[in-house]
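Results of the structural survey
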Amino acid sequence: MNVLVVGGAGYIGSHMVRILDREGHTPIVLDNLCDGHRESVVGHKLIVGELSDRELVDSILSENKIEAVMHFAAFAQVGESVVNPAKYYVNNVMATIDLLESMRANDVKKFVFSSTCATYGEPETVPISENEKQEPVNPYGFTKLVIERALDDYAAAYGFSFAALRYFNAAGASPDGDIGEDHDPETHLIPIVLQVALGQREHITIYGDDYETPDGTCIRDYIHVDDLGAAHLTALEKLEPGKGIKLNLGTGNGYSVREVIDACRQISGKEIPEVMGKRRAGDPPKLVANAAAAKELLGWVPRYQKVEDVVETAWAWHQSHPNGYKSE
């Protein structure tokens, strides 16, 4: 199958490209490289351009005989979405609707969408099932929910088939150690802690230790990036015309900030100094997935169940690429 991977030079998208190729599909990447890296998709067709360029997207879909689209090209920083919501509405909503319209014009109706657990806001029940109310508390989460609702309508009216996959905390790197996480600025916990282990930061700041959790720090569900990719592939293969799948992707195992730091110390063998900071606004105490539906519908079970196993792949990447994709 010829699959357009929008945002395929980014963190999750580049791992998805590898998996598609390995499983016999032909990935074509569209990325503007504002956050992605050309080096992460070497050996695959990369088209550098904007998702909002309707003429470009139309030509890619027709000239490459695209049969399905996977969409990873969203802005995804919660704090930034609060201070600059226009950036998120223009890209995450308007450009995505443009993409759906290009697909409709070119009779491409299979769509796999990178959604988020941020659509749930501050859940009442943890672990979080797909039945939890979706009440996002920031523009980022709301933009993802808008597209989920649009996909319902496109399926009903135009026969689209789609999967909206709600991630929890994506983490880790390719087991080969040649592609991994490289954001600027880095906002994810595991790479920040490992940067301390590498001596690139003086310490890790823990934002609050007075939450209602066993050790007082926030608990999150860390899902390996290759496990996410495997779920996307299976979802793509199970799409049915006019129907949609909405699923949580997580391990169902929650780890606190302190437990993640300890896992990084264990794997790296480094001390990793920590300092205590104040709580950050909008940080729920606990976000853990109930991913039973993904197991039932997709037969999907994450390979990386322990956070230590996730950290081990991340540490291998950061050791071999201390400056990310930049040349040494």
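Placed above this text is the structure.
The following paragraphs examine the structure supplied in this document. (Residues numbered from 1 in each chain as written. Predicted model: local features only at pLDDT ≥ 70, side-chain atom pairs only at ≥ 80, totals over all residues. Heavy atoms only, no water.)

Take the overall build of the protein chain next. Along its length, the protein chain carries ten helices and 14 strands. The C-alpha atoms of the protein chain give 19 Å as radius of gyration, which agrees with the globular expectation for 328 residues (20 Å, within 12%). By residue count, 53% of the 328 residues in the protein chain fall in the buried class. Expressed as a percentage of contacts within the protein chain between residues at least 6 apart in sequence, the contacts between residues at least 24 apart total 76%. For the protein chain, the accessible area works out to roughly 14,400 Å², and carbon and sulfur atoms hold 47% of it. (Helix = DSSP H or I, 4+ residues; strand = E, 2+ residues; numbered from the N terminus. Rg over C-alpha atoms; globule rule 2.2 N^0.38 Å. Buried < 20%, exposed > 50% of the residue type's maximum accessible area, 1.4 Å probe, protein only. Contact = heavy atoms within 4.5 Å. Areas by Shrake-Rupley, 256 points an atom, 1.4 Å probe, with all protein chains shown as cover.)

Helix length check: helix α8 (residues 257-268), at twelve residues, gives a terminal C-alpha distance of 16 Å against a target of 16 Å (1.5 Å per residue), a fit within 8%. Among the residues of α8, V257, V260, I261, A263, C264 and S268 are the ones counted as buried. Along α8, the residues classed as buried sweep out an arc of 160 degrees about the axis, all on the same side. Of the surrounding secondary structure, the elements contacted by the buried residues of α8 are α6 (189-197), β8 (204-207), β10 (222-224), β12 (255-256), β13 (274-277) and α10 (307-320). (Expected span 1.5 Å × (residues − 1). Arc of directions from axis to C-beta.)

A few words now on the pattern of salt bridges. Considering all chains together, one arrives at 16 salt bridges under this definition. With its nearest N and O atoms 2.8 Å apart, the salt bridge here joins E80 to K87. By relative accessible area, which is 24% here, E80 ends up partly exposed. Across the salt bridge formed by D283 and R280, the nearest N and O atoms sit 3.0 Å from each other. Through salt bridges with shared partners, one network takes in D209, R258, D262, R265 and E274. (Salt bridge = Lys/Arg side-chain N within 4 Å of Asp/Glu carboxyl O.)

Right, let's talk about helix α5 (residues 139-158) for a bit. Between its first and last C-alpha, α5 extends 27 Å over 20 residues, near the 28 Å set by a 1.5 Å rise per residue. For α5, the full list of buried residues reads P139, Y140, G141, T143, K144, L145, I147, E148, A150, L151, Y154 and A155. Each element contacted by the buried residues of α5 is listed here: α3 (78-83), α4 (85-105), β5 (110-116), β6 (161-167) and β11 (244-249). Just downstream of α5 lies G159, where phi reads positive at about 80 degrees.

It is worth spelling out the state of the cysteines at this point. Counting across every chain of the model gives zero disulfides. In this model C218 remains outside any disulfide bridge; the closest cysteine sulfur is found in C117, 13 Å from its own. C218 provides the cysteine sulfur closest to C264, a residue in no disulfide bond, and the two sulfurs are 16 Å apart. (Disulfide = S-S within 2.5 Å.)

Two modes of strand pairing occur in sheets, parallel and antiparallel, and in both the strands are linked by backbone hydrogen bonds. The strand order β12-β9-β14 describes an open sheet built from three strands, whose pairing is mixed. Two strands in the sheet have a free side with no partner beyond their single neighbour: β12 and β14 (286-287). Of the strand pairs in this sheet, strand β9 (residues 219-220) and β12 are connected by two bridges, and their pairing is antiparallel. The residue of β12 that forms the bridge with R220 is Y255. (Pairing = 2+ DSSP bridges.)

What follows covers the packing of aromatic side chains. For the structure shown, the criterion picks out six aromatic pairs. The interplanar angle of 15 degrees and the centroid separation of 6.2 Å between the aromatic rings of F111 and F113 together place this pair among those described as stacked. Between the aromatic rings of W317 and Y325, the centroid separation amounts to 5.0 Å while the plane-to-plane angle is 50 degrees, which identifies the pairing as tilted. Note that R104 overlies the ring of Y158, its terminal NZ or CZ placed 4.0 Å from the centroid. Over the face of the ring belonging to Y211 we find R279, whose NZ or CZ atom lies 3.9 Å from the ring centre. (Phe/Tyr/Trp six-rings, centres within 6.5 Å; stacked < 30°, edge-to-face > 60°. Lys NZ or Arg CZ within 6 Å of the ring centre and 35° of its normal.)

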